[in-house]
Amino acid sequence: MFINRHTPYRFKNGLIMKNRVIVPPMASQTADEGGFVTTRTLEHYRRLGRSNAGLVFVEYSYIHQTGKGEAHQLGADSDAHIPGLKQIASVIHQSSAIAGLQLVHVGGKASTDLTRSPLMGPSAIAVPVKGQEPETPRPMTEDQIQSWIEWFVKAAGRAVSADFDFVELHSAHGYGLNQWLSPLTNKRTDPFGGSIEGRSRLLLRIAAEIRATYPSILLSVRLPAQDHLDGGLTVDEMAWVVLNLNPLAWI
Ligand SMILES: Cc1cc2nc3c(=O)[nH]c(=O)nc-3n(C[C@H](O)[C@H](O)[C@H](O)COP(=O)(O)O)c2cc1C
């Protein structure tokens, strides 16, 4: 069969995407200061739905207050956000696209003005950001690692309750999970650091836990591929992570 971007795709759970055009997550900065959906957010996603794409991803949404990066970022950190998120999924579905929600903890890139709490990260190393000098995060304890797993899984549950078809873990662009993957920001000597196996342990655990808890929702992971910095992530390491995430078994 000849396949092009217009060819529908049937996922393993039976869901059909009407074509293979995907709108990637893009922060619209339209949420209110509590991370709640506004009429501008709905209008934005209504318009993206009208693009006729098969899948529309909703922008990076924080899973916990400590992982918020911008004042008007969308929140998925409490059940109070579910009704608004449900409205977004609904406007996307109205144009017969399927809907995805991207989840993030921005880790050492959080805005402490907004979070009013210390930065969290794998190690006490400031995230390299061009033209900026972010503060140094506090290395996370084992309890805090467990909290990240719980926050991501709970936020995925909110995506399920809000009728999203897809949930995406944002593990790229230097945000929290990327900081765990990268040898530049993860210098831990415990099982969550060291080789790529250790550095990806948190991401793989979160993915496994979401699949086990919410098997009905499709899961994707946005990976950085490489850091583009000396001593950073390599394509081979990322290939190892992809193989271990084993996406073809699920989608
Ligand atoms: C305004 C804006 C906001 C973005 N917000 C996000 C985001 O929330 N999550 C994300 O993974 N990528 C985000 N991106 C990156 C885009 O998803 C996309 O990768 C980028 O625009 C490059 O597009 P291309 O991959 O088609 O070249 C954003 C990009 C722009 C321009």
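Notes on the structure in this doc start here. Quantities reported herein were computed from a predicted structural model and do not represent experimental measurements. Residue positions are counted from 1 within each chain, in the order its sequence is given. Selection of residues for local features in this predicted model requires a pLDDT of at least 70, selection of side-chain atom pairs for listing and counting requires 80 or more, and totals for whole chains, interfaces and linings are taken over all residues. Side-chain measures were taken over the full set of non-hydrogen atoms in the model, leaving aside hydrogen atoms and water.

Looking at the packing of helix α1 (residues 39–49) against helix α2 (residues 82–94)
Here is step 1 of the chain: In contact at an axis separation of 8 Å, α1 and α2 are set at 25 degrees when each is read in the N-to-C sense. Judged by the angle between their axes, α1 and α2 are roughly parallel. Taken as a pair, α1 and α2 cross one another with a handedness that is right-handed. Of α2, the residues touching α1 (which contributes Thr41, Leu42, Tyr45 and Arg46) are Gln87, Ile88, Val91, Ile92 and Gln94.
Here is step 2 of the chain: For the contact of α1 with α2, the residue count by class is five nonpolar, three polar and one charged. Each axis is a line fitted through C-alpha atoms, and for a helix only the stretch in contact is used; angles between axes span 0 to 180 degrees, taken between their N-to-C directions. Under the scheme used here, helices are H or I runs from DSSP no shorter than 4 residues and strands are E runs no shorter than 2 residues, and both carry numbers assigned from the N terminus. Roughly parallel means an angle under 35 degrees; roughly antiparallel, over 145; roughly perpendicular, 65 to 115; everything else is oblique. Left-handed is the label given to a crossing in which the near helix is rotated counterclockwise from the far helix by less than a right angle, and right-handed is the label when the rotation is clockwise. Any two residues having at least one pair of non-hydrogen atoms within 4.5 Å are treated as being in contact. Each residue is assigned to one of three groups, with Ala, Val, Leu, Ile, Met, Phe, Trp, Tyr, Cys and Pro labelled nonpolar, Asp, Glu, Lys and Arg labelled charged, and all others, Gly among them, labelled polar.

Describing the nonpolar core
Here is step 1 of the chain: Counting 54 residues, the largest nonpolar core has Ile88, Ile92, Leu103, Trp148, Phe164, Leu169 and Leu202 as the members making the most contacts within it.
Here is step 2 of the chain: With nine residues, helix α4 (residues 142–161) is the single largest residue contributor to this core.
Here is step 3 of the chain: Each residue touching leucine 103, except ones within four places of it in the same chain, is listed here: Ser61, Ile63, Ala76, Phe152, Ala155, Ala156, Val167, Glu168, Leu169 and His170.
Here is step 4 of the chain: Buried Ala, Val, Leu, Ile, Met, Phe, Trp, Tyr and Cys residues that are joined via side-chain atoms within 4.5 Å together make up what is termed a nonpolar core. Buried means the residue's accessible area, taken with a 1.4 Å probe over protein chains only, is under 20% of the maximum for its type, while exposed means over 50%, and partly exposed covers the values in between. Among the nonpolar cores identified, the runner-up in size contains seven residues, and Phe11, Ile98, Phe166 and Leu218 belong to it.

Notes on the pairing of strand β9 (residues 166–170)
Here is step 1 of the chain: Among the five residues of β9, five are classified as buried, and the element is accordingly described as predominantly covered.
Here is step 2 of the chain: The side-chain alternation of β9 yields two buried faces, one formed by Phe166, Glu168 and His170 and the other by Val167 and Leu169.
Here is step 3 of the chain: When DSSP finds at least two bridges between two strands, those strands are taken to pair. Where β9 meets strand β10 (residues 218–222), five bridges bridge the pair, whose relative direction is parallel. Along β10, the bridge assignment pairs glutamate 168 with serine 220.

As for the site of the ligand
Here is step 1 of the chain: We call a residue near a molecule or strand whenever a single non-hydrogen atom of that residue lies within 4 Å of it. Residues in close proximity to the ligand include Pro24, Pro25, Met26, Ala27, Tyr60, Gln102, His170, His173 and Arg222, which together make up its full environment.
Here is step 2 of the chain: Counted as a polar contact is a pair of N or O atoms within 3.5 Å, where, for protein atoms, one must be capable of donating a hydrogen and the other of accepting one, and residues adjacent in sequence contribute only when both atoms are in side chains. Glutamine 102 has a polar side-chain atom sitting 2.8 Å from a nitrogen atom of the ligand.
Here is step 3 of the chain: A distance of 2.7 Å separates an oxygen atom of the ligand from a polar side-chain atom of arginine 222.
Here is step 4 of the chain: When the free accessible area of the ligand is taken as 610 Å², the share hidden by the protein chains comes to 48%.
Here is step 5 of the chain: Taken together, the residues of the shell around the ligand sort by class into five nonpolar, three polar and one charged. Only the protein chains shown count as cover for residues, and the accessible areas themselves come from Shrake-Rupley with a 1.4 Å probe.

What about the pattern of salt bridges?
Here is step 1 of the chain: Any carboxyl oxygen of Asp or Glu within 4 Å of a side-chain nitrogen of Lys or Arg constitutes a salt bridge here. In this structure the tally under the stated criterion is four salt bridges.
Here is step 2 of the chain: Between arginine 199 and glutamate 237 there is a salt bridge; the shortest N-O distance is 2.7 Å. Of this pair, arginine 199 sits in helix α6 (residues 196–199) while glutamate 237 sits in helix α8 (residues 235–245), and the two are 38 residues apart along the sequence.

Section: α4
Here is step 1 of the chain: To estimate the expected span of a helix, subtract one from its residue number and multiply by 1.5 Å. Across its 20 residues, α4 extends 29 Å between first and last C-alpha, which sits within 8% of the 28 Å expected from 1.5 Å per residue.
Here is step 2 of the chain: Listing the buried residues of α4 in full gives Ile145, Trp148, Ile149, Trp151, Phe152, Val153, Ala155, Ala156, Gly157, Arg158 and Ala159.
Here is step 3 of the chain: Immediately beyond the C-terminal end of α4, within one or two residues, lies aspartate 163, with a positive phi of roughly 70 degrees.

Here's the deal with the packing of aromatic side chains
Here is step 1 of the chain: Pairing of aromatic rings covers Phe, Tyr and Trp, the last through its six-membered ring, and needs centres within 6.5 Å; plane angles under 30 degrees mean stacked, over 60 mean edge-to-face, and all others mean tilted. A full pass over the atoms with the stated rule returns seven aromatic pairs.
Here is step 2 of the chain: Plain terms: the ring middles of phenylalanine 57 and phenylalanine 166 are 5.6 Å apart, the flat faces sit at 65 degrees to each other, and that makes the pair edge-to-face. Taken as a pair, phenylalanine 57 in strand β4 (residues 55–62) and phenylalanine 166 in strand β9 lie far apart in primary sequence, 109 residues in all.
Here is step 3 of the chain: Exposure remark for phenylalanine 57: the relative accessible area of 6% places this residue in the buried category.

Some words on the environment of isoleucine 251
Here is step 1 of the chain: Locating isoleucine 251 in the fold gives a position in the segment after α8.
Here is step 2 of the chain: Here the alpha-carbon distance between isoleucine 251 and glycine 75, two residues 176 residues apart in the chain, equals 26 Å.
Here is step 3 of the chain: For isoleucine 251, the residues in contact, after removing those within four places along its chain, are Tyr9, Phe11, Lys12, Leu218 and Leu219.

Geometric descriptors of this kind do not, in isolation, establish any biological role.
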